[in-house]
Amino acid sequence: MDKTRTDNPTVGQLEKQIEAWRAHLRKSQTITSQDAAELEDHLREQIAALGADGLSDDEAFLVAVKRMGAIDALTREFAREHSERLWKQLMLSGDEEDGSSESAAAAWSRKMWVALGLAVAAAVAIKIPSLFGIPFDAEPAGAFYPRNISFFALPFIAAYFAWDRPLPRSGRLGLAAVFAVAAVVVNAFPFAFSPKGEPGHTFILTMLHLPIALWMGVGFAYVGGRWWGSDRRMDFIRFTGELFIYYVLIALGGAVLMALSVGIFEAIGIKMEPYLQNWIVPCGAVGAAVIATWLVEAKQSVIENMAPVLTRIFTPLFAVLLIAFIVTMAMTGRAIDVKREVLILFDLLLAVVFGLLLYSASARDSIAPPGLMDWIQLTLVGTALVVDALALWAIGSRIFEFGFSPNRVAALGENIVLLVNLGGSAILYAGFIRGRVAFSRLCDWQKFYLYVLAAWAAVVALLFPLVFGFA
Amino acid sequence: MSINKDLVAASSTALVLAILAEGDSYGYAILKRVRELSGGALEWTDGMLYPVLHRLERSGLIESRWARAESGRRRKYYRVTDAGREQLADERRQWRAVDKTLGKIWS
């Protein structure tokens, strides 16, 4: 064939036609270059077979393309199968039928305005309590703002998804009920405060865990209420990671902006700090959360390039850190000195490792064969398991020595929850690297674990105060 | 006679696994085999085979590798895994049961 290619002008023509077909195919972001190569191989084989039956190149090309199926239908089918690639496209809400660019642009700007509206609503909502004499900086006993920290941004993010997906009516009502019940319960809890007005342990635990539990409510809206058996749950994990990155970026920019404005107003003798504390920081913080949500959805491809790179940088670094820690402990024979801050630190470290693992699993192409990165992941999981076991040992002996306290029990529980997850991940990862287990099993495990995490967070947030007498 | 779309879709897993159980193969050859076996009654749009292959691969029933074909082009070959063979046995039982049931009523 290669010999005729140079002499025969129609073969050059055929190459051009195939080239155009491939370019058209590649326009859809749901078809990767590998898929395109596979389909092209098919097309060429078909053309060759038809040519052998006596058709001219032109005819053979037309028949082969026709048999391959309309490209629109093809890309839609690929998108359905590879929903994680659909993620790259701006239009996420699934109305595949109207693909005209005009309506896409209209939908895009409509989403932007809704997101802006919700951001403003969130910013207004956080100032409403001050109308009723609860100022933001002067904190009265009862710690109104920390107590309600879950309810300033999360409902607006959930509302955005409830509108965008859309969430069925029953789902909306259920979600609203969950948020309402949580708000009533948390505000009714008679948390104990020290005479100086410092909150007790259970108060802090509730503040830390309620947002995690309610975040699953946001997830429910994110998947449009189709919580069970939905592949969108993995997308939600990825969304969470990317929202975090966007939010941090916006917060950094905001901090620079505020530092500069304090400086220049200072130069003309005006103190900005009260306005900052009372208005710009709280309103900006909740508004930015909603805007970041919209940005993750709208500017998907931007962050998609960045986030996997970040996990690739930090996964090996964390693995090295944990290995160094274990080796140092083994060489010096030092044990973990369990103070309150240390416990929280270890929980935080393991949560970050867990987050890295979760995010990289969600961003990975589940068909790709095991590679170096998977070995690094397995190393990270393995070392995290060792560190987790050490921390667990330390907490356990502390409880044995001094008895139960809400903090210790919460730290213990968190460690066990993470230990089980990391253990399961390690087994599945090892199986995947040896080629025994499909990567999707690992994703299923993490998807399932979302429920465990939410349940545990809800228990700490809502049951611990009751069990420990709001201490 | 042509077979309705839902039925084609429903039988695709069993058919692809069964063809791959005969030996490793690639997209075009699999389709050719489908046409031969069904005598043209099972008409697939060519491109639609690939999402099916990718779905099976993702769920670990088959695995793929890229290799050079005789023509010198890179070609993606598929192979059925142990899990795929188990699934195939299961599919077979189910289709046999359907076939038997309908056979009884129509004979």
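What you are looking at is a predicted structure, and each value in this text was computed from that prediction instead of being measured.

Scanning chain B for helices and strands turns up 4 helices and 3 strands. In chain B, which comprises 107 residues, the proportion classed as buried is 27%. In chain B, 52% of the contacts between residues at least 6 apart in sequence involve partners at least 24 apart.

Looking now at the overall build of chain A. Summing up its helical and strand segments, chain A has 18 helices and 0 strands in all. Counting only residues that meet the buried cut, chain A has 32% of its 471 residues in that class. Considering only residue pairs separated by 6 or more positions, chain A has 78% of its internal contacts joining residues 24 or more positions apart.

Okay, the environment of Ala255 of chain A next. Residues and elements named next belong to chain A. With respect to the helices and strands, the residue Ala255 is situated in helix α12 (residues 232–267). What makes Ala255 exposed here is the crowd of 12 C-beta atoms within 10 Å. Considered as a pair, Ala255 and Val281 are 26 residues apart in the sequence and their alpha carbons are 9.2 Å apart.

Glancing now at the nonpolar core. Ranked by size, the top nonpolar core spans 81 residues in total, and within it Ile157 and Val290 of chain A carry the most contacts. Look past the residues within four positions of Ile157 of chain A in its chain and what remains in contact with it is Val218, Ala289, Val290 and Thr293 of chain A. Counting 31 residues, the second largest nonpolar core, distinct from the first, contains Ala79 of chain A together with Leu15, Leu17 and Leu20 of chain B.

All right, on to the environment of Ala158 of chain A then. Residues and elements named next belong to chain A. Structurally, Ala158 is set in helix α9 (residues 154–164). Ala158 sits in the buried class, given 26 other C-beta atoms within 10 Å. For Ala158 and Gly219, which are 61 residues apart along the polypeptide, the C-alpha to C-alpha distance reads 7.9 Å. Ignoring any residue separated from it by four or fewer positions in sequence, one finds Ala158 in contact with Leu175, Gly217, Val218 and Ala221.

Turning to the interface of chain B and chain A, a few remarks are in order. Often the size quoted for an interface is simply the accessible area lost on bringing the parts together. Contact with chain B, which involves 18 residues of that partner, is made by 21 residues of chain A. Mapped by element, the contributors of at least two residues to the side of chain B that touches chain A are α2 (27–38), α3 (49–58) and β3 (74–80) of chain B.

Residues and elements named next belong to chain B. Read across the sheet, 3 strands follow the order β1-β3-β2 without closing on themselves; strand pairing throughout is antiparallel. This sheet does not close on itself; its edge strands, each paired only once, are β1 (25–26) and β2 (62–68). Of the pairings in the sheet, the one linking β2 to β3 comprises 7 bridges and is antiparallel in character. Directly across from Trp66, in β3, lies its bridge partner Lys76.

Moving on, we come to the packing of α2 of chain B against α3 of chain B. For any two helices packed against each other, the geometry is given by the interaxial angle and the distance between the axes. All names here are of chain B. Remark: α2 packs on α3, axes separated minimally by 11 Å, with the N-to-C direction vectors making an angle of 110 degrees. Between α2 and α3, the angle falls in the class roughly perpendicular. Contacts between α2 and α3 involve Gly27, Ile30 and Leu31 from the first element and Leu49, Tyr50 and Leu53 from the second. Looking at the contact of α2 with α3, its residues break down into 5 nonpolar, 1 polar and no charged.

Confidence in the prediction for chain B averages 88 pLDDT; 99% of positions are at 70 or higher. ipTM for the predicted complex: 0.84, alongside a pTM of 0.68.

Let us look at the packing of helix α11 (residues 201–222) of chain A against helix α18 (residues 439–467) of chain A. All names here are of chain A. Put simply, α11 and α18 touch, their axes get as near as 8 Å, and they point 145 degrees apart. Crossing of α11 over α18 shows left-handed handedness. Note on element contacts: α18 touches α11 through Leu450, Leu453, Ala454, Ala457, Ala458, Val460, Ala461, Phe464 and Pro465, opposite Thr202, Leu205, Thr206, His209, Leu210, Ile212, Ala213 and Met216. Considered class by class, the residues forming the contact of α11 with α18 number 14 nonpolar, 3 polar and no charged.

Along its 25 residues, helix α4 (residues 82–106) of chain B runs 36 Å from first to last C-alpha, staying within 8% of the 36 Å computed at 1.5 Å per residue. For α4 of chain B, the buried fraction is low: 2 of the 25 residues fall into the buried class.

Note: β1 of chain B against β3 of chain B, 2 bridges, orientation antiparallel. Bridged to Ser25 of chain B within β3 of chain B is Tyr78 of chain B.

About the thresholds
Residues numbered from 1 in each chain as written. Chains lettered and ligands numbered in written order. Predicted model: local features only at pLDDT ≥ 70, side-chain atom pairs only at ≥ 80, totals over all residues. Helix = DSSP H or I, 4+ residues; strand = E, 2+ residues; numbered from the N terminus. Buried ≥ 20, exposed ≤ 12 C-beta atoms within 10 Å, placed from the backbone. Contact = placed C-beta atoms within 7 Å. Core = buried A, V, L, I, M, F, W, Y, C linked by C-beta atoms within 7 Å. Pairing = 2+ DSSP bridges. Axes fitted to C-alpha atoms, helices over the stretch in contact; angles between N-to-C directions. Parallel < 35°, antiparallel > 145°, perpendicular 65-115°, else oblique. Nonpolar A, V, L, I, M, F, W, Y, C, P; charged D, E, K, R; others polar. pLDDT = per-residue confidence, 0-100. Left-handed = near helix turned anticlockwise from the far one by under 90°. Expected span 1.5 Å × (residues − 1).

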